[in-house]
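Given next are the chains, with one letter for each unit.
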Amino acid sequence: MEREGSDGRLGLRGLQNRSGEIKLRKRKSTLYLSTQEKSAGRRGDLLGENIYLVLFTVALRIFNCFLVQTSFVPDEYWQSLEVAHHMVFKERLRGYTYPLIFASIYKILHLLGKDSVQLLIWIPRLAQALLSAAADIRLYSLMKQLGNQEVARWVFFCQLCSWFTWYCCTRTLTNTMEAVLTMIALLYYPLEGSKSMNSVRYSSLVALAFIIRPTAVIPWIPLLFRHFWQEQRKLDLILHHFLPVGFVTLSLSLIIDRIFFGQWTLVQFNFLKFNVLQNLGTFYGSHPWHWYFSQGFPVVLGTHLPFFIHGCFLAPKRYRILLVTVLWTLLVYSTLSHKEFRFIYPVLPFCMVFCGYSLTHLKTWKKPALSFLFLSNMLLALYTGLVHQRGTLDVMSHIQNICYNPNKSSASVFVMMPCHSTPYYSHVHCPLPMRFLQCPPDLAGNSYYLDEADIFYQNPLNWLHREFHDDVPLPTHLIIFSVLEEEISAFLISNNYERTAVFFHTHLPAGRIGSHVYIYERKLKGKLNRR
């Protein structure tokens, strides 16, 4: 190329061959690639990554889904599947946005005539598994941009073999969706070295996470503050990115909840008022302020903990904001009396970044460290996923069979357990009369408040005699934990109840939770066959 003319324009002078034809130099830029060449370069990609890596991750999470057959907390059913089942098949602290995802799945199955109880149970969990796999891939993509292939590989390994991630990532919990959206949003967040920064995308995902679970904003407060502090065009960021995104997502949430509640309801404010301002979450249990640091965080990290601590000293300074986010989240949740392991699950992937850096820098002890991490986490994952607290799900499979009994018209079930111990109609899917002990929270703040379950457990035998007096019809089936059997044995015998099924639940019974779940069925006089 030469500069031609006094106007400074660039002219292109080709090299001529003897026949007078002009030959242009071949260029390697993608601008000069043919459409066929471009598509060939992308043929092996899916979600921006190697297709085999994506398929492996998806297959692993589906396998993960089927190897989690235990219950964790009532919210995985009562804030998602039960709400969705009621929305579709029956016709304000929690919104309808998250259950609407599963309600859509249920509606499609219903329209196709494929709404069997097994599909209603597993399809939502498989959908959650696919979303978790996508989030895993996004974490890998982010680490490739920020670090290198080796760091990304070890972060990915830590993420996939984390026992708590395995335990939670296929459950229909709002915390699981919060973790998924947080991981994907982090890919578009303006971290130093990121090549996929997009303020609208990441803020949209954060806003959606907030709509689903308002406490999702807690980990993002230091991240949002950092972005605002470093942004030169601060007013433009607020007016043209954050405000429009916030307005659209909040409006969508208001409209959805208006349709299903029948009135305008700002569930996000009600949630924060109940759990934060009034701190009424203590109704469901409380822990000391240091619980997350002394128990919660170490348990969730498990055997990753020493690698996390090691990685904190090795990771570059640009990852300091992720460590600040983890510590900030632990501190904020520590101020609330009601604490649970799952609340800090969304920041677990942040910790895997530091664990990955630790493994990257290990030389002599790398193979033993990898074997230790994999085996210890898999043992925990398999035990918690297949053994611990499975009785309350297994018993619902037995209840499903009552629906196919010729005498089901006269059948009824009473779950005499701590309330919400089992799923409900989402795991039965037939018009079987069922009842459980109620435990609505005390919104008035009465210090002497007792719910139905509390009153029952004060004196179960007296409560049963008062509840089922004279001509009050008795349920045909009772579901109880083994610890209750002795206390109500007089009622069971006098009313001709026979134990017909036993299900293992846990090796660690505590309080009202027994080691086994029993089903008692009422038999006609003269036809008893006591076991």
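Since this is a predicted model, take the numbers as computed values, not measurements.

The rules behind these values
- Residues numbered from 1 in each chain as written.
- Predicted model: local features only at pLDDT ≥ 70, side-chain atom pairs only at ≥ 80, totals over all residues.
- Heavy atoms only, no water.
- Salt bridge = Lys/Arg side-chain N within 4 Å of Asp/Glu carboxyl O.
- Helix = DSSP H or I, 4+ residues; strand = E, 2+ residues; numbered from the N terminus.
- Buried < 20%, exposed > 50% of the residue type's maximum accessible area, 1.4 Å probe, protein only.
- UniProt positions renumbered as here; feature names shortened; annotations may be inferred.
- Expected span 1.5 Å × (residues − 1).
- Core = buried A, V, L, I, M, F, W, Y, C linked by side-chain atoms within 4.5 Å.
- Domains from an automatic or database assignment.
- Lys, Arg positive; Asp, Glu negative; His and termini not counted.
- Polar contact = N/O pair within 3.5 Å; in protein donor to acceptor, adjacent residues only side chain to side chain.
- Contact = heavy atoms within 4.5 Å.
- Phe/Tyr/Trp six-rings, centres within 6.5 Å; stacked < 30°, edge-to-face > 60°.
- Patch = residues over 30% accessible without salt bridge, like charges linked within 9 Å, V, L, I, M, F, W, Y side chains within 5 Å.
- Areas by Shrake-Rupley, 256 points an atom, 1.4 Å probe, with all protein chains shown as cover.

On to the pattern of salt bridges, then. Summed over all chains, the structure comprises 13 salt bridges. Lys366 is paired through a salt bridge with Glu150; the nearest N and O atoms lie 3.6 Å apart. Of the two residues, Lys366 is situated in helix α17 (residues 366-386) and Glu150 in helix α6 (residues 149-161); the sequence distance between them amounts to 216 residues. Judged by relative accessible area, Lys366 falls into the buried class, the value being 14%.

When the UniProt feature table is mapped to this numbering, "transmembrane region" (unreviewed entry) covers residues 51-73, 203-225, 237-256, 289-309, 321-337, 343-362 and 369-387. This span, residues 289-309, is 76% helix and 0% strand, and a straight line between its end C-alpha atoms measures 22 Å. Note that residues 343-362 is 70% helix and 0% strand, and that its end C-alpha atoms are spaced 31 Å apart.

So, about helix α8 (residues 174-188). Taking 1.5 Å per residue, 15 residues should reach 21 Å; α8 reaches 22 Å between its end C-alpha atoms and fits that length. The buried fraction of α8 is high, at 15 of 15 residues.

Another point: the nonpolar core. The biggest cluster of nonpolar side chains holds 125 residues, and the ones touching the most others in it are Phe164, Leu186, Tyr319, Leu359, Ile399, Leu432 and Ile479. For this core, the element with the most residues is α8, which contributes ten residues. Split by domain, this core shows at least three residues from each of two domains, domain 1 (51-387) and domain 2 (390-522). Leu474, Leu484, Phe491 and Tyr518 belong to the second largest nonpolar core, which has 19 residues in total.

Below, the discussion takes up the side chain of Arg125. Of note, Arg125 is situated in helix α5 (residues 117-146). Despite its burial, Arg125 remains without a salt bridge, the nearest opposite charge being carried by Glu76 at 5.9 Å. A polar contact is formed between the side chain of Arg125 and the backbone oxygen of Val68, at a distance of 2.8 Å. Beyond its immediate sequence surroundings of up to four residues, Arg125 is in contact with Cys65, Val68, Thr170 and Thr172.

Here we take up the packing of aromatic side chains. Scanning the entire structure with this criterion turns up 33 aromatic pairs. Ring geometry for Tyr140 versus Phe156: centroids 5.2 Å apart, planes at 55 degrees, classification tilted. In this pair, Tyr140 sits in helix α5 while Phe156 sits in helix α6, placing the two residues 16 residues apart along the sequence. Judged on exposure class, the residue Tyr140 and its partner Phe156 are both buried. Plain terms: the ring middles of Tyr189 and Trp220 are 5.9 Å apart, the flat faces sit at 65 degrees to each other, and that makes the pair edge-to-face. Of this pair, Tyr189 sits in the loop between α8 and α9 (199-212) while Trp220 sits in helix α10 (residues 217-230), and the two are 31 residues apart along the sequence.

Together, Leu235, Ile238, Leu239 and Leu243 make up a nonpolar patch on the protein surface, roughly 370 Å² of accessible area in all. In this fold, Leu235 is placed in helix α11 (residues 234-261). Overall, the relative accessible area of 61% leaves Leu235 in the exposed class.

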